[in-house]
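Here is how the chains run, residue by residue.
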Amino acid sequence: MLKRLAQRLVKPLAATGLAAALSLTALLPAQALSEREEKTLKDLNVYFNSVKTMHGDFIQFGPDGSQSDGKFYMARPGKVRFYYNKPSVLDIVADGKSVSVRDRKLNTQDIWPLGQTPLRFLLSDSIDLRKDTNVTNVLVEEDLITVTIFDKTKFNSGTLTLIFDAKDYALKQWTVTDQQGYDTSVAVYNVVSNGPTNPDLFKIDYLANARQDRN
């Protein structure tokens, strides 16, 4: 049932044309927020900053409509792991300074600075959505809250759309939309917050890249 809910959340964001609309929103200046929207962001900050660890299941839709799922583990600040179920061969790890994307089948690995990826917003030790990000839109509905952030780095620009539960402010989904309007959406479910975590989950094998370059 929870997995079906995650699919219900994530599929509309993969619809044709919506990614382009989000990209257009990112080009516009941030709009003045209403008093209700400002309070909503403050409440989200309080909840989000109270969660230091999370683990659960995720389902992901890629820009081409492909679907994958798996387990995720998060420990703020800076650490996350996404372990994809077969047939996917990906393994994504952030260790606090870098993000590794490993192909388990080809035994290859690419590494990027964490600070140049949208994950930095989700993994920050303490975040103020109003002051630390460029919020371009806040949509408060009966069951969901949607926050759209314009994200610009030296590597890429686009939007990060965060979806929270309107009742308890739990993070339900995020969507990254690139400059070309292609979006990747991840919905999380069966989430356990502030539980124990294993530091070994967040280790990156940097020597693997050296071995890879020699081959």
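The text that follows walks through the structure, step by step, so that each part is easy to find. From a predicted model like this one, the values you see are computed outputs, not experimental measurements.

**What about the packing of aromatic side chains?**
Part 1: With the rule as written, the count across this model stands at five aromatic pairs.
Part 2: Between Phe-48 and Phe-164 the ring centres are 6.0 Å apart and the planes differ by 85°, which places this aromatic pair in the edge-to-face class. Pair noted here: Phe-48 is in helix 3 (residues 35-50) and Phe-164 is in strand 9 (residues 157-165), with a separation of 116 residues, a long-range link. The burial state of Phe-48 is the same as that of Phe-164; both residues are buried.
Part 3: Between the NZ or CZ atom of Lys-97 and the centre of the ring of Tyr-206, over which it lies, the distance is 5.3 Å.
Part 4: When the ring centre of Tyr-83 is taken as origin, the NZ or CZ atom of Arg-104, which lies over that ring, is 4.3 Å away.

**Some words on the nonpolar core**
Part 1: Ranked by internal contacts, the top residues of the largest apolar core, which has 35 residues, are Phe-82, Leu-119, Val-147, Ile-149, Leu-162, Phe-164 and Trp-174.
Part 2: Residue contributions to this core peak at four residues, all from helix 4 (residues 119-123).
Part 3: Each residue touching Ile-149, except ones within four places of it in the same chain, is listed here: Phe-121, Leu-129, Thr-133, Asn-134, Val-135, Thr-136, Gly-158, Thr-159, Leu-160 and Leu-162.

**Some thoughts on the environment of Gly-70**
Part 1: Among the secondary structure elements, Gly-70 is positioned in strand 2 (residues 67-75).
Part 2: Under the relative-accessibility criterion, Gly-70 is labelled buried at 4%.
Part 3: Gly-70 has contacts with Gly-56, Asp-57, Phe-58, Tyr-83, Tyr-84 and Asn-85, leaving out every residue within four places of it along the chain.

**A look at unusual backbone geometry**
Part 1: Cis rather than trans, the peptide bond between Arg-76 and Pro-77 has omega equal to 10°.
Part 2: Within the element layout of this structure, Pro-77 appears in the loop between strand 2 and strand 3 (79-84).
Part 3: Here Lys-86 and Pro-87 are connected by a cis peptide whose omega angle stands at 15°.
Part 4: On the secondary structure map, Pro-87 appears in the loop between strand 3 and strand 4 (90-95).
Part 5: Notably, Asn-107 is not glycine yet its phi reads approximately 60°, a positive angle.
Part 6: Residue position: Asn-107 is located in the loop between strand 5 (98-103) and strand 6 (108-113).
Part 7: The exposed category is assigned to Asn-107, whose relative accessible area is 58%.

**Description of helix 3**
What sets the pattern is the α-helix's 3.6 residues per turn: residues three or four places apart point alike.
Part 1: The end-to-end C-alpha distance of helix 3 is 23 Å, a good match for the 22 Å that 16 residues give at a rise of 1.5 Å each.
Part 2: By the burial criterion, the buried members of helix 3 are Glu-37, Thr-40, Leu-41, Leu-44, Asn-45 and Phe-48. All buried residues of helix 3 project into a common sector of 145° when viewed along the axis, lining one side. Pointing more than 90 degrees away from the buried face of helix 3 are the exposed residues Glu-35, Arg-36, Lys-39, Lys-42 and Val-46.
Part 3: Here the buried face of helix 3 lies against helix 4, strand 7 (134-140), strand 8 (144-152), strand 9 and strand 10 (171-177).

**Digging into the side chain of Asp-57**
Part 1: On the secondary structure map, Asp-57 appears in strand 1 (residues 53-61).
Part 2: In this structure Asp-57 comes out as buried when scored by relative accessible area, which is 12%.
Part 3: For Asp-57, the side chain forms a polar contact with the side chain of Lys-71, separated by 2.8 Å.
Part 4: At 2.8 Å, the side chain of Asp-57 and the side chain of Asn-190 are in polar contact.
Part 5: Dropping the residues within four chain positions of it, Asp-57 is found in contact with Gly-70, Lys-71, Phe-72, Ala-187, Val-188, Tyr-189 and Asn-190.

Conventions and cut-offs
- Residues numbered from 1 in each chain as written.
- Predicted model: local features only at pLDDT ≥ 70, side-chain atom pairs only at ≥ 80, totals over all residues.
- Heavy atoms only, no water.
- Phe/Tyr/Trp six-rings, centres within 6.5 Å; stacked < 30°, edge-to-face > 60°.
- Helix = DSSP H or I, 4+ residues; strand = E, 2+ residues; numbered from the N terminus.
- Buried < 20%, exposed > 50% of the residue type's maximum accessible area, 1.4 Å probe, protein only.
- Lys NZ or Arg CZ within 6 Å of the ring centre and 35° of its normal.
- Core = buried A, V, L, I, M, F, W, Y, C linked by side-chain atoms within 4.5 Å.
- Contact = heavy atoms within 4.5 Å.
- Expected span 1.5 Å × (residues − 1).
- Arc of directions from axis to C-beta.
- Polar contact = N/O pair within 3.5 Å; in protein donor to acceptor, adjacent residues only side chain to side chain.

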